[in-house]
Amino acid sequence: MSIPNTVAELTEIDRCHWLHPVVALQQHERRGATIWDSADGIHLTDVNGHRVQDAFSGLWCVNVGYGQQSVIEAAQAQMRKLPYATGYFHFASEPAIRLAGRLVSHAPKGLTRVLFGQGGSDAVDTAIRCVRYFFNATGRPDKKHFIGLQRGYHGSSAAGSGLTALPLFHRYFDVPSPQQHHIPSPNPYRHADGPDDAAVLASTVRALESKVAELGADNVAAFICEPIQGSGGVIIPPKGFLAAMRKTCDTLGILLIVDEVITGFGRTGPMFACAAEGVRPDVLTLAKGLTAGYAPMSATLISEELYQGIAEGGCDGTAFGHGQTYGGHPVSAAIANAVLDLYTDGGLLTNGERVGQHFEAKLKELEELPCVGEVRIRGMLAAVELVADKKTKAKPDATLRMGQRVLEHAFENGLVFRAFNDDILGFAPSLNYTEADIDVLVDRVRASISHVFS
Ligand SMILES: Cc1ncc(COP(=O)(O)O)c(C=O)c1O
């Protein structure tokens, strides 16, 4: 095959050979790809030279923005010095060791051990495997069931996709398994007991209690949730949700897995969202902002108690049979260390918190539009839910693709974000945004909504 050099050739190769995630495949063949070419700061440019402001940090991961020199230099230096080192069989590398220590020091106290992986899906898979191993190794082999939230997203691995509760990740994939269950999403805007926060919270606690009662506490391993449900439409549970779940899990004798693949690393303000409620999960999954998307990496943190149970399981000398070739990759780890420096010494967490307040004030103004049912926002993570009728909260006719059309219009006018299937617009600007950048974002969203709904 000759080297492709025109956009048309690239588009044709993509059409014929790249099976893309989360698109209707035949529709993609007809449409073709939007091919990114370069990025700088908070902007992306495609191969046709069309430049847009990125209001979604890639896929909620480029938390530090594009072109951060310190990150690029750390990657280059590590590639020159030691481009690969396994973590298997007692081997290690300096950047991964340093990173493990730094993650533990930033995480809620008591999460002491780190398993490295490549992305959020395998971080969740690792969480599931650790929990299973722990209960088997500590003489509770019946504890097999996992409970998650409707509209939750926990990746698309063979096991994790069943904890995910979005229909397209289930259809034809034979998940959820009989050991995977879901309770209603704590979404005050659409919950049967909403919008009162206390009622939604109480109802969610009751739902978990009754699901555990139905399955038998001795058969339930863990409850898993995101602090804010990202891919489910940026659903923000009532304040106190995580703390209430922690308390309920303790009472019921089940573990709590908190999936901070999106909410970690300043996305909602603090380094980790569970810190905002003083909650220490038994397992914490991290990815995305860990390397800010500059290289693949994830981390699953487990409590000392879990670690001790798992370690005891191998006291006869049997190795812990879990890991991946690229777990703890030294280049990814060097990148993550440089990214952590930007969050802390570089002031990005502080900037994100400050600019997040401006974002909230400005985005909330969109609620005055007749087609905006709700604006949800915490820090630099937000959604605008479009409705056909504000009073009844009825959705626009799905065939009209209103959310997609708002996105398409905004894209033409220099802004990219995410339009979820059900007319929810999602936003996750990078933490290096200025207040003026936020103004551009919100003004373009408003103009696009007004254009499409006019
Ligand atoms: C909460 C959560 N968990 C897990 C994942 C899966 O991560 P990845 O796409 O890196 O496999 C995602 C991805 O968006 C996520 O939002």
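Structure's up top.
All of these numbers come straight from a predicted model, not from anything done at the bench.

Peer 1: Would you mind going over the packing of aromatic side chains in detail, with residue names and values included?
Peer 2: Per the stated rule, a full pass over the model turns up eleven aromatic pairs. Look at F417 and F427: their rings are 4.9 Å apart centre to centre, the planes differ by 40°, and that puts the pair in the tilted class. With F417 in the loop between β13 (415-416) and β14 (418-419) and F427 in strand β15 (residues 424-427), the pair connects residues that are ten residues apart, well separated along the chain. Comparing F417 with F427, the two get one shared label, buried. Aromatic ring contacts, followed pair by pair, group F56, W60 and F420 into a single cluster. Looking at K143, its charged tip hangs above the ring of F135, at a distance of 5.4 Å from the centre.

Peer 1: Describe helix α4 (residues 69-81), naming the residues involved and giving the relevant values.
Peer 2: An ideal rise of 1.5 Å per residue puts 18 Å on 13 residues; α4 measures up with 18 Å between its terminal C-alpha atoms. Looking only at α4, the buried set comprises V71, A75 and Q78. Burial along α4 is one-sided: seen end-on, the buried residues are contained in an arc of 70°. Exposed residues on α4 whose side chains face more than 90 degrees from its buried face are R80 and K81.

Peer 1: Could you give an account of the side chain of H28, naming the residues involved and the relevant values?
Peer 2: With respect to the helices and strands, H28 occurs in helix α2 (residues 25-31). For H28, a relative accessible area of 10% corresponds to the buried category. Beyond its immediate chain neighbours, meaning those up to four positions away, H28 contacts D14, H20, V23 and A33.

Basis of the calculations
Residues numbered from 1 in each chain as written. Predicted model: local features only at pLDDT ≥ 70, side-chain atom pairs only at ≥ 80, totals over all residues. Heavy atoms only, no water. Phe/Tyr/Trp six-rings, centres within 6.5 Å; stacked < 30°, edge-to-face > 60°. Helix = DSSP H or I, 4+ residues; strand = E, 2+ residues; numbered from the N terminus. Buried < 20%, exposed > 50% of the residue type's maximum accessible area, 1.4 Å probe, protein only. Lys NZ or Arg CZ within 6 Å of the ring centre and 35° of its normal. Expected span 1.5 Å × (residues − 1). Arc of directions from axis to C-beta. Contact = heavy atoms within 4.5 Å.

So, to be careful, I would describe these as geometric facts and stop short of saying anything about function.
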